[in-house]
Amino acid sequence: MTRDLSTTRHTGAALIAVSALLWSTAGLVSTSLFAHVHPLAVGFWRVALAVPALLILARAAARWRPVTRRAALLLALIGLTQAGYQGFYFLGVSELGAGRATLVALCGAPVLISVIGAAVLKDRPGRLEWAAVPIAVAGAALLIGAPAPGVEGSVLGYAAAGAAALSYAVFALTARALAGLYHPFQITAIGFAVAALTLLPLALGAGLIPAQGWGTLAYLGLVPTALAYALFFFGMRTVTATASGVLVLLEPAGAAVLAALLLGERYGALGLVGGALLLGAVLMVNFARR
């Protein structure tokens, strides 16, 4: 069954696209928590609640392999960058709103992933995949840079979301290096355990135990985290780092749509053009031939 999930590049692209759409719900549902839960605590509980589910799935799959020293270092890096992403991302959401924070957090990642991936991992994306990168970034930039009148954001929010973008880029490249070596459940379980331990001291200082919102936190841990990241690692087995960077931009597109429909966040006419460019870039990656 595991082999069937990753037999073709198109299947891998579809799995990453589903992951991105699941991730797009995280910023939306987290906005209901910030009145009584600090963003760092939200990030901690998101990864901490995912770990038990991932350990159970890894054991059920019977695919747990001994970890080499090099793999242990990469898994630690996955955990550290995921901790950085969660902390910075939720801080950005609390300052900018769900749609805009998600856009900023991911619009720069494809460029970083493409350049570093080609240099370090020797990824060789096809021409359509390379062409999709600037189109996807331009689409995200239109969504960010052309808000409706009266919509603003803080410097702290944009800085936090930018730091989340860098954290995600390093995370995705490290994931690409490990995806074909270990079962996705094992990678996510170990990586997120490291992330939870990294965030724990910060979350303790911010107020670890929320008075309410446990149902929302459980959703964050199980659906857009445990399930979505497992699907992401399955997809990364057959998709280049550059293609994955474009595909995950479905997350900010989905977050923008949900935030507009359910939270009333507004985007101007250019935002619609940006969304169309993003979807076009995703189609280019899906139909690329290498």
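Residues numbered from 1 in each chain as written. Predicted model: local features only at pLDDT ≥ 70, side-chain atom pairs only at ≥ 80, totals over all residues. Heavy atoms only, no water.

K.L.:
How should I be thinking about the overall build of the protein in this particular structure?
P.N.:
On a plain count of helices and strands, the protein comes out with 13 helices and zero strands. The secondary structure elements of the protein, listed N-terminal to C-terminal, are α-α-α-α-α-α-α-α-α-α-α-α-α. The buried share of the protein, reckoned over its 290 residues, is 54%. The contacts in the protein between residues at least 6 apart in sequence include a share of 92% that link residues at least 24 apart. Surface exposure of the protein reaches about 11800 Å², of which carbon and sulfur atoms provide 70%. (Helix = DSSP H or I, 4+ residues; strand = E, 2+ residues; numbered from the N terminus. Buried < 20%, exposed > 50% of the residue type's maximum accessible area, 1.4 Å probe, protein only. Contact = heavy atoms within 4.5 Å. Areas by Shrake-Rupley, 256 points an atom, 1.4 Å probe, with all protein chains shown as cover.)

K.L.:
Got a minute to help me understand the packing of aromatic side chains in this structure?
P.N.:
In this description, an aromatic ring pair is defined by two values, namely the gap between the centres and the angle between the planes. Overall, the coordinates contain 17 aromatic pairs when judged by the stated rule. A centroid spacing of 6.0 Å and a plane angle of 20 degrees characterise the contact between Phe 171 and Phe 232, whose relative ring orientation is stacked. Of the two residues, Phe 171 is situated in helix H8 (residues 155-178) and Phe 232 in helix H10 (residues 214-235); the sequence distance between them amounts to 61 residues. Judged by relative accessible area, which is 0%, Phe 171 ranks as buried. With a relative accessible area of 0%, Phe 232 lands in the buried category. Within the aromatic cluster, the residues linked to one another by ring pairs are Trp 23, Phe 34, Tyr 85, Tyr 89, Phe 90, Tyr 168, Phe 171, Phe 192, Tyr 229, Phe 232 and Phe 233. Positioned over the ring face of Tyr 182 is Arg 65, at 5.0 Å from the centre of the ring. (Phe/Tyr/Trp six-rings, centres within 6.5 Å; stacked < 30°, edge-to-face > 60°. Lys NZ or Arg CZ within 6 Å of the ring centre and 35° of its normal.)

K.L.:
Help me out: how do you make sense of the side chain of Ser 19 in this one?
P.N.:
By secondary structure assignment, the location of Ser 19 is in helix H2 (residues 9-30). Look at Ser 19 and you get buried, because its relative accessible area is 0%. A distance of 2.9 Å separates the side chain of Ser 19 from the backbone oxygen of Leu 15, its partner in a polar contact. Discounting chain neighbours no more than four positions away, the residues touching Ser 19 are Ala 228, Leu 231 and Phe 232. (Polar contact = N/O pair within 3.5 Å; in protein donor to acceptor, adjacent residues only side chain to side chain.)

K.L.:
I would appreciate a short explanation of the nonpolar core in the present structure.
P.N.:
One recurring pattern in soluble globular proteins: nonpolar side chains tend to sit buried together. Core analysis: the largest hydrophobic core is formed by 85 residues, its most contacted members being Trp 23, Phe 44, Tyr 85, Ile 113, Tyr 168, Leu 178 and Phe 232. Once you skip the residues sitting within four places of it in the chain, Trp 23 turns out to touch Arg 46, Tyr 168, Pro 224, Ala 228, Tyr 229, Phe 232, Val 248 and Glu 251. (Core = buried A, V, L, I, M, F, W, Y, C linked by side-chain atoms within 4.5 Å.)

K.L.:
Can you help me understand a nonpolar patch on the surface in this one?
P.N.:
Taken together, Val 115, Ile 116 and Val 120 make up a surface patch of nonpolar side chains, about 260 Å² in accessible area. With respect to the secondary-structure elements, Val 115 resides in helix H6 (residues 109-121). Looking at Val 115, the relative accessible area reads 52%, which means it is exposed. (Patch = residues over 30% accessible without salt bridge, like charges linked within 9 Å, V, L, I, M, F, W, Y side chains within 5 Å. Salt bridge = Lys/Arg side-chain N within 4 Å of Asp/Glu carboxyl O.)

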